[in-house]
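# Close look at the chain arrangement
Each chain, written out:
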Amino acid sequence: MHNLTIKQMSEKLHAGEITSVQLTQHYLNRISQFDADLNAYVTVTPELAIEMAKAADEKLAAGEGELLTGIPVAHKDIFCTDGVKTSCSSKMLDNFIAPYDAHVVTQLKKVGMPILGKTNMDEFAMGSSSESSYYGPTKNPWDLNAVPGGSSGGAAAVIAAGLAPMATGTDTGGSIRQPASFCGITGIKPTYGSVSRFGIVAYASSFDQAGPMTRSAEDSAWMLNAMAGFDERDSTSADRPTPDYAAELENSLKGLKIGVPAEYFGEGLDTEVEKLVRNAIAEVEKLGAETVEVHLPNKDLAVPSYYVLAPAEASSNLSRFDGVRFGYRCENPKDLQDLYRRSRSEGFGPEVKRRIMVGAYALSAGFYDAYYLKAQKLRRMVRDDFTKAFESCDVIMGPVAPSPAFNIGEKSDDQVSMYLSDLYTIPVNLAGLPGLSVPAGFANNRPVGLHIVGPYFSEAKLLNIGHQFQQVTDWHKQMPEQYQ
Amino acid sequence: MSWEVVIGLEIHAQLTTKTKIFSGSSIAYGAAPNTQACNIDLGMPGMLPVLNEGVINKSISLGLALNAEIGRKSVFDRKNYMYPDLPKGYQTTQLEFPIVGQGTLEIEVDGKKKTIGVTRAHLEEDAGKSNHGIVPGMTGIDLNRAGTPLLEIVSDPDMSSAQEAVAYAKKMHELVQYLGICDGNMQEGSFRVDSNVSVRKPGDPLGTRTELKNINSFKFIEKAIEFEIERQIELIESGGEVVQETRLYDSENDTTRSMRSKEEANDYRYFPCPDLLPVIITEEDIEAVKKIMPELPDAKRARFVSEFGLSDYDAEVLTSSREIAEFFESVVAATDAKDAKLCANWMTSGFAAALNKDGLAVNDAPVTADMLAGMLKRIMDDTISGKIAKQVFEAMWNGEGTADEIIEAKGLKQITDTGAIEALVDEVLANNPSQVEAYKGGQEKMMGYFVGQVMKASGGQANPGQVNKMLKEKLS
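Since the structure is predicted, the reported quantities are computational estimates derived from the model, not experimental observations.

## Quick look at the overall build of chain B
In terms of helices and strands, chain B carries 15 helices and 15 strands. Its C-alpha atoms give chain B a radius of gyration of 30 Å, more than 25% over the compact-globule value 23 Å for 476 residues. Principal-axis analysis of the C-alpha atoms gives chain B an extent of 95 × 55 × 55 Å.

Written out as structure tokens, the structure reads:
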């Protein structure tokens, strides 16, 4: 059952060939069987899942089913879920049960998608390997010695191993696309403002964006249809009609102009990865597209800019975790300062503390202009690069990450090297553009993704390209042997 | 050489919205702790602010009233500091791009006019309240107030005496209430005045200032500033130095004392709030507010003088609040503007005294504008005299009915019948032959005595003008 596409599952559910309870139970069984090794789930919610599956079956029986009704989903543990622990993989929120649903959770509940559980991640989404989780690292299903990427590493792993047919992720600097690349799945970060941030624990508000993580581009299109849309509870939500993201899936790619930025194929890029990405681009050309060289000259400014701005916003966003109203509270605080100091020192992990301190420093009097304002200028320069590039092409293609998944522990002591693993994804977040990662082959038996970036609100086009590419390739259909 | 005083005020005016600035919680005063705090106000994870658009027009109207620049691009910033009654760990406020820019407000002290600069007015959310002592050894946090919309109005350091500072504060207090953007309730903290006070020798750079906070009456603001000026002067003259700090006013002892020192200045790490988009204000937005702006106090005062012929003093009193002014205009309109001065006299004397006695606001008075007008009409058409009117008014105040009902029930109608008055006059003159003799002998002041006697005999109901006329005829 876990090898079916979403469309196939949906057809079987609607035809009554399978029930949502059966489908959901199938995934719950697989979670019991495999997750002990993978550590991809922080919380599994079997009772909730079955209860929701029953409701979905009733809906289907009444002929009120939608395309995704009855298809289970796993939520990244950053989406608040009413009555279920939402930990952000942090000790700080280990005891936090949200009394409300994130907008995305509400949307998928409305459709009737049973919740299998909450997936592991880097603590507060700060990381590129899912190693900074309070609950221990998630393993890459393709190689248990490898990281699944991050921060949505748990989500990518559950899709790769068939422990959920669909998963939600969030992408602040690459957190959907990089784990999608590392785990050989499909993931899209939509245009900033497409999906409401309401109920998503904030990391860096001006970058955070939720998106689907699935096996195929087609599946992502269906799921994005359910996730996206204007939400008045998020002031940065784009007030525009929600497009049908699946509408262009079958369009021909004839005449498509692919921009290939020279800067994305330079020093630091793994030669195997480069080969796979160039092969993938050649494959798309065979479908009638042509390539043009474009330039993103300020690419190298993106990572430094991001690592000032995102921590700056994080330092403020995470101030609410003070041990007063919810979350971790130290034992026997002496006084207010002691309560703050110890609750936060004991509740946050090292990477979170590092970013809070970096961010607070960048905003402090005397350094604000040199860091925060300068970084904002760089952000605009990076964005302008894309605007210019899109004058001569429809989409930009390149690698998602400079290498395939690295080993667990390999970069955890070298922050700069870890940060640089996002050098191709971060510029897209700085500009707020949509970006898609689709599987494009294997380097040393570890998956590698192709990165497709488009102008604002071009998700349907990106998914069209991804889907057409997946009609002539089968990388996205492959699964690690032990999970088949 | 004398000292020069420099005062600037920061006024926090709570805007009269129904709900908070970034959430749908009510801001009604006096609810049980934490019953008006939703997930957004509590700073729960994943919660996001949505601007209450009602605050924008209210701010624009103040900007227009102060002849200020309106910020065409108004940006919200985060002011970061941690305190238990600040749930998010930052206050959403405006730093670089406030909604109202430089403006002015004219004040008058001892007949002298002075223009005070208003540096800016910016929108921000209020914090919650920390209640110490309700639970022994613990601090209770009440977040009902967290997120209440405030407009912080910052003056230039243009005031040079406690009297000027209070005149400015009062004028601003009157203005925000006229505009209907703040209820002005100082006891409930809807209008809070913080005073920055310093002294210097003329020509010297500004002295170190102290801030006086949380004083909830104009009288105490004046006293506190006066005390603080003297304290600073004495301190400097005795060789000391003023420390920049916040001081609390102790009204029982009429002194100020140190609350906290600002020597360790906080670094608030301001930056633009990424959860809120800049507010873009167009020319059309401003024009729309202009159209619905009420008449402002200064304009109203001038009109009362020119249109109704009131004295400056009466115009001042009758425009001291929008409610009083509206009441007065209703009375004038209901009496067909026949005698606006009479209306003004009654409003500033009998009516004002009654309000004062019972401690009532104008709109809570048992005598409505229509009722007062009903009585004044009877004075104007000579049905009753001014003196009888006092009796009628008192009866109306005590709930005995309208003026006409009371006049009828009590038989207070003025005697204007010439025959009846003549009979009374004849009777009085007949009973006082010696006084008549004296009058005829040149003691003209006896006339007052005769009038009094006739009025008394009529039970106060004879028309005094007619009585006078009749007496003069009879005694000539």
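## Here's the deal with the overall build of chain A
Along its length, chain A carries 15 helices and 11 strands. Each of the 484 residues in chain A was classed as buried or not, and the buried ones make up 61%. Looking at chain A alone, contacts between residues at least 24 apart form 76% of all its contacts between residues at least 6 apart.

## Regarding the interface of chain A and chain B
The accessible area lost on association of the parts is a frequent measure of interface size. Between chain A and chain B, the residue contacts involve 32 residues of the former and 25 residues of the latter. Breaking the side of chain A that touches chain B down by element, the ones donating at least two residues are α9 (299-317), α10 (336-347) and α11 (350-363) of chain A. Per-element accounting of the side of chain A that touches chain B gives the leading share, three residues, to α9(A).

## Some words on the sheet that holds strand β14 (residues 271-272) of chain B
All names here are of chain B. Spatial strand order, β4-β3-β14: three strands in an open sheet with antiparallel pairing. Across the chains shown, the open sheet's two edge strands, defined by having one partner strand only, are β4 (90-93) and β14. The sheet contact formed by strand β3 (residues 77-80) and β4 spans four bridges and is antiparallel. When the sheet's bridge partners are listed, Asn80 is paired in β4 with Tyr90.

## Some points on the environment of A:Gly435
All names here are of chain A. By secondary structure assignment, the location of Gly435 is in strand β10 (residues 435-443). As a C-alpha pair, Gly435 and Tyr424 span 11 residues in sequence and 10 Å in three-dimensional space. In contact with Gly435, not counting residues within four places along its chain, are Arg177, Lys189, Thr425, Val428, His451, Ile452 and Val453.

## Quick look at helix α15 (residues 459-472) of chain A
Turn by turn, an α-helix covers 3.6 residues, leaving residues three or four places apart pointing in a common direction. All names here are of chain A. End to end, α15 covers 20 Å across 14 residues, agreeing with the expected 20 Å (1.5 Å per residue, within 8%). Of all the 14 residues making up α15, 11 are buried; the element is thus mostly covered by neighbouring parts of the structure. Residues Glu459, Lys461, Leu462, Leu463, Asn464, Ile465, Gly466, His467, Gln468, Phe469 and Gln470 constitute the buried set of α15. Buried residues along α15 sit in contact with β5 (186-189), α7 (217-227), α8 (271-286), β9 (395-399), β10 and β11 (446-453).

## Some remarks on the pairing of strand β3 (residues 115-119) of chain A
Residue and element names in this part refer to chain A. Summarising burial for β3: five of the five residues are buried, a large majority. Judged from the three bridges that link them, strand β1 (residues 41-44) and β3 form a sheet pairing that is antiparallel. The residue of β3 that forms the bridge with Tyr41 is Thr119. By the bridge criterion, four bridges tie strand β2 (residues 73-76) to β3 in an arrangement that is parallel. The partner of His75 across the bridge, within β3, is Lys118. Note on the crossover from β2 through helix α4 (residues 103-111) to β3: the handedness is right-handed.

## Regarding the environment of A:Glu391
Residues and elements named next belong to chain A. Note that Glu391 resides in the loop between α12 (369-389) and β9. Residue classification places Glu391 among the exposed positions, given that 8 C-beta atoms sit within 10 Å. C-alpha of Glu391 to C-alpha of His451: the two residues are 60 residues apart in sequence and 19 Å apart in space.

## Brief notes about the confidence of the model for chain B
Predicted confidence across chain B gives a mean pLDDT of 92, with 99% of residues reaching 70 or more. Overall fold confidence (pTM) sits at 0.90, and the ipTM for the predicted complex is 0.96.

## With respect to unusual backbone geometry
In this structure, A:Ser151 follows A:Gly150 across a cis peptide bond, with omega equal to 10 degrees. If you trace the backbone, A:Ser151 turns up in the loop between β3 and α5 (153-160). Backbone geometry at B:Asn34 places phi at a positive 65 degrees, although glycine is not the residue there. Within the secondary structure layout, B:Asn34 lies in the loop between β1 (4-14) and α1 (54-65). Notably, B:Arg269 is not glycine yet its phi reads approximately 45 degrees, a positive angle. Here B:Arg269 is to be found in the loop between β13 (255-261) and β14. Among the residues examined, B:Arg269 registers 24 C-beta atoms within 10 Å and is labelled buried.

## A look at the packing of α1(B) against helix α4 (residues 283-291) of chain B
All names here are of chain B. Look at α1 against α4: their axes get within 10 Å of each other, and the N-to-C directions meet at 75 degrees. One element, α1, and the other, α4, form an angle in the roughly perpendicular class. Between α1, through Asn57, Ile60, Ser61 and Leu64, and α4, the contact on the second element is made entirely by Asp285, Ile286, Val289 and Lys290. Split into classes, the residues belonging to the contact of α1 with α4 amount to four nonpolar, two polar and two charged.

## Section: α4(A)
All names here are of chain A. Taken together, the buried positions of α4 are occupied by His103, Val104, Val105, Leu108 and Val111. Buried residues belonging to α4 abut β2, β4 (166-171), β6 (209-214) and α7. In the segment just after α4, Gly112 is the residue with positive phi, at about 100 degrees.

## Focus: the pairing of β4(A)
Every other side chain in a regular strand lies on the same face of the sheet, so the side chains alternate between the two faces. Residue and element names in this part refer to chain A. Buried residues dominate β4, accounting for six of its six residues. Inspection of the sheet shows β4 paired to β6 by six bridges, in the antiparallel sense. Bridged to Asp171 within β6 is Gln209.

## Quick notes on the environment of B:Ala423
Structurally, B:Ala423 can be placed in helix α12 (residues 418-431). Its 12 C-beta neighbours within 10 Å are what place B:Ala423 among the exposed residues.

Rules and cut-offs
- Residues numbered from 1 in each chain as written.
- Chains lettered and ligands numbered in written order.
- Predicted model: local features only at pLDDT ≥ 70, side-chain atom pairs only at ≥ 80, totals over all residues.
- Helix = DSSP H or I, 4+ residues; strand = E, 2+ residues; numbered from the N terminus.
- Rg over C-alpha atoms; globule rule 2.2 N^0.38 Å.
- Buried ≥ 20, exposed ≤ 12 C-beta atoms within 10 Å, placed from the backbone.
- Contact = placed C-beta atoms within 7 Å.
- Pairing = 2+ DSSP bridges.
- Expected span 1.5 Å × (residues − 1).
- Right-handed = clockwise from strand over helix to strand, strands pointing away.
- pLDDT = per-residue confidence, 0-100.
- Axes fitted to C-alpha atoms, helices over the stretch in contact; angles between N-to-C directions.
- Parallel < 35°, antiparallel > 145°, perpendicular 65-115°, else oblique.
- Nonpolar A, V, L, I, M, F, W, Y, C, P; charged D, E, K, R; others polar.

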